[in-house]
Amino acid sequence: MVAFGKKLKERSIQEWQRYYINYKLMKKKVNQYGRQLEGGNLERRHVLKDFSRMLDNQIEKVALFMLEQQGLLASRLQFLRQSHDALQEEPQISQISNLKEDYRAVGQDLLKLLHFVEMNATGIRKILKKFDKRFGYRFTNYYVKTRANHPYSELQQVFRHVGLGAVVGAVSRNLHELQNNQGSYLSIYDQPALPLQDPVVDSIRAAVDRLTHSTNFLNFMAQHAFIMQEELPSPQDEEESVEQDGRYHFMSLLLNLVNTFLYMVNTYIIVPTADDYSMSLGAAATVCGVVIGAMAVAQLFSSVYFSAWSNKSYFKPLVFSSIVLFIGNLLYALAFDFNSIAVLLIGRLFCGLGSARAVNRRYISDCVPLKIRMQASAGFVSASALGMACGPALAGLLQTRFEIYQLTFNQDTLPGWVMAVAWLLYLVWLAISFREPAREPEEIHNASEESNNSGEAGQEVNLEKGIKEPLLITSEEIEEEEVEDEEESEEASEDSRKPANSIVAAYRLLTPSVKVQLLIYFMLKYAMEILLSESSVVTTYYFGWSTSSVAIFLACLGLTVLPVNIVIGSYISNMFEDRQILLVSEIMVCVGILLSFHVVVPYTVPQYVCSGLIMFVSAEVLEGVNLSLLSRVMSTRLSRGTYNGGLLSTEAGTIARVIADVTITLAGYFGRSMLLNATLLPSLVICVLSIVATCFTYNSLY
């Protein structure tokens, strides 16, 4: 991690150096205030007044320079407009080409201005946070409240930057007219769904999206993938994006998404029949919890070695994953004829050892170009959701029985046979079509330091929410300031950028805010696993449902994922803050758990279905918002290397699933009549604890 003062010095545009906020001066001033207050030589109200005036002056300097640069860009665009009008009367190909290059040059200068705004906005957030931290009270709240809606505040210019939006629109519209719609009366405003394919405009759009924290469906979907883009694209990032274009291979990306889809199908295809399979092998129906959870147990280990393996290769881990999953499903199917519960469990353990989701995430973060990474991340989530729905649905279709060469094919074994064939076909496709991305020698040597495998994407608020949200403090900024305070030397700064080299080291980097987010993630995964894994046993006991009925119920739950994300990502997240959605979603999960308890005789289908739907949908919403916030409060040291934020969140979710499945099996000893309430009680306790933790940290963590 690089201290912000050093980052500002390295990334600032030299000819604009004197127009940036003087972060170093303000930092020294804060330390000076601290010493004077400790010595009793200064009153707090004098500190507030003096620091407010200094910060106002710094922001005014930035805002006036922004206006000056916007004016220069507007003048150039006005001149180009005249040339554009003249070309419409007498079009000439050479002049059109020159005019497009002139517009692109304006776009490049606009991109520089956006970088300028981003660095200054970040500096303002950090110095406000440093002030609050040093003196123990929330000066940020006072400062934002008094400046946010004041008609003469320059703070609005920095964080709303409406004029920059007009310049972006002018560059995009004119390039669109020159490039794609000559002779047409349609413009970008008539065809908003058809974005201009121009590198400069793509870079500007990415910068504006990052700067305004704009929200859309793809952003919300990508949060579930937890593939994090750390910063606004810099000129160096643009060069790296060009290199990624050379490494990108569509078929390889598609194979990663298919791997994700098949693995989720493999996870949930056995849920409707796991209890019946366990009883046919002489075990109790509740042993289905262990059968389902065995895959998650193995995934605890596979996530680590696949994450490390992806530092060196993508193709070999995927091949290994396919082979192990083929063997695991084969053993799962053969357990019936061997009449062995041990073979059944070993098969599921093998399936868990083949979990290559860490490789799938890593390929998207490392090899997919920045301009389409959001779509690829959303594709990752969509493939997972589709697999989750297709697994139980496919199990519902496999209701038949026959024998071939003394091998039994029935509703219990067919999921294993079908998935074994699927993984074998996938392995052949993988061998034919996958292309290993090229790696530089030093990248291979230092791969763990140059990769980014944590979650992306976070959303904060839309443009209309204005100023206050961008000034919210994150733990990532706290850690950067701690680097500034405690590790001023160059050597310490270099060390602070290194990724964690063990799980213990990664855990030590977790701030209280991150721990709360991981607790929430643990809770929602635990609640979802309880609902899904025991559904077959519970519905058979209370309602006498067949395997097909259970499969339809689980498939319907899975099919709610995409519609719910569309509504939340496109509408709800534009109306409310992430932390508000987070707290409400937690409460709704708690409501769903409470409604699921069997306290009224008889237990009815509407009660079970409605409570399960409330719990599942709320948990899905909670997962997206939680990962969005987690990607913003996670240390940047956890955004790369083997032991990254994505791995930590995956391990937290996997541990939750393991404990949930063990809980189902242990609760089975009390009898199936007590199973539902016995498994819901821990879910309720964990949910209440997460709500309490969120309430205590609501104002300070997000």
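Sequence order sets the numbering: in each chain, residues are counted from 1 along the sequence as written. Local features in this predicted model are restricted to residues of pLDDT 70 or higher, and side-chain atom pairs are both shown and tallied only at a pLDDT of 80 or more, whereas totals for entire chains, interfaces and linings draw on every residue. Water and hydrogen atoms play no part in the side-chain values, which are based on all heavy atoms of the structure.

A word on a nonpolar patch on the surface
Part 1 of the reasoning: Patch members must show over 30% relative accessible area and no salt bridge, and they are joined within 9 Å when carrying like charges or within 5 Å when they are nonpolar side chains of Val, Leu, Ile, Met, Phe, Trp or Tyr. Each accessible area is a Shrake-Rupley result for a 1.4 Å probe, and residues are judged covered by the shown protein chains and nothing else. Each salt bridge in this description consists of a side-chain nitrogen of Lys or Arg and a carboxyl oxygen of Asp or Glu lying within 4 Å of one another. On the surface, Val584, Ile587, Met588, Val591 and Leu595 cluster together to form a nonpolar patch covering roughly 370 Å² of accessible area.
Part 2 of the reasoning: Residue position: Leu595 is located in helix 28 (residues 578–596). Labels follow the DSSP assignment, with helices taken as runs of H or I lasting at least four residues and strands as runs of E lasting at least two, numbered in each case from the N terminus.

Things to note about the nonpolar core
Part 1 of the reasoning: Take the buried Ala, Val, Leu, Ile, Met, Phe, Trp, Tyr and Cys residues and link them wherever side-chain atoms come within 4.5 Å; each set so joined is a nonpolar core. Each residue's exposure class comes from its accessible area (1.4 Å probe, protein chains only) as a fraction of the maximum for that residue type: buried when under 20%, exposed when over 50%, partly exposed otherwise. Residues Tyr426, Val589, Ile593 and Phe616 are the most contacted members of the largest nonpolar core, which totals 108 residues.
Part 2 of the reasoning: Examining the composition of this core, we find that 14 residues originate from one element, helix 24 (residues 512–533), more than from any other.
Part 3 of the reasoning: With 47 residues, the next largest nonpolar core counts Met66, Ile96, Leu114 and Leu178 among its residues.

Description of unusual backbone geometry
Part 1 of the reasoning: For Tyr405, which is not glycine, the phi dihedral falls at a positive 50°.
Part 2 of the reasoning: With respect to the helices and strands, Tyr405 occurs in the loop between strand 1 (402–404) and strand 2 (407–409).
Part 3 of the reasoning: Located in the positive-phi region is Gln406, a residue other than glycine, with phi close to 65°.
Part 4 of the reasoning: Among the structural elements, Gln406 can be located in the loop between strand 1 and strand 2.

Some remarks on the side chain of Glu651
Part 1 of the reasoning: Examined against the element boundaries, Glu651 turns out to sit in helix 30 (residues 645–667).
Part 2 of the reasoning: For Glu651, which is buried and forms no salt bridge, the nearest opposite charge comes from Arg361, at a distance of 8.9 Å.
Part 3 of the reasoning: Note on contacts: a residue pair is in contact if any heavy atoms of the two residues lie within 4.5 Å. Those residues in contact with Glu651 that lie beyond four places of it in its chain are Gln299, Leu300, Ser303 and Val304. Counted as positive: Lys and Arg. Counted as negative: Asp and Glu. His and the chain ends are not counted at all.

A closer look at the packing of helix 24 against helix 28
Part 1 of the reasoning: Every axis corresponds to a line fitted to the C-alpha atoms, with the helix fit spanning only the stretch in contact, and the corresponding angles, defined between N-to-C directions, vary from 0 to 180 degrees. Taken N-terminus to C-terminus, the directions of helix 24 and helix 28 make an angle of 30°; their axes are 12 Å apart at the nearest point. By the angle class used here, helix 24 and helix 28 are roughly parallel. Crossing angle aside, the handedness with which helix 24 passes helix 28 is left-handed. The segment helix 24 lies against helix 28, with Gln517, Ile520, Met523 and Ala527 engaging Leu582, Glu586, Val589 and Ile593.
Part 2 of the reasoning: Residues that form the contact of helix 24 with helix 28 fall into these classes: six nonpolar, one polar and one charged. Angles are sorted into four bins: roughly parallel if under 35 degrees, roughly antiparallel if over 145, roughly perpendicular if 65 to 115, and oblique for all others. By convention the crossing between two helices is left-handed if the near helix lies anticlockwise of the far one by an angle smaller than a right angle, and right-handed if it lies clockwise. Each residue gets one of three labels, nonpolar for Ala, Val, Leu, Ile, Met, Phe, Trp, Tyr, Cys and Pro, charged for Asp, Glu, Lys and Arg, and polar for the others, Gly among them.

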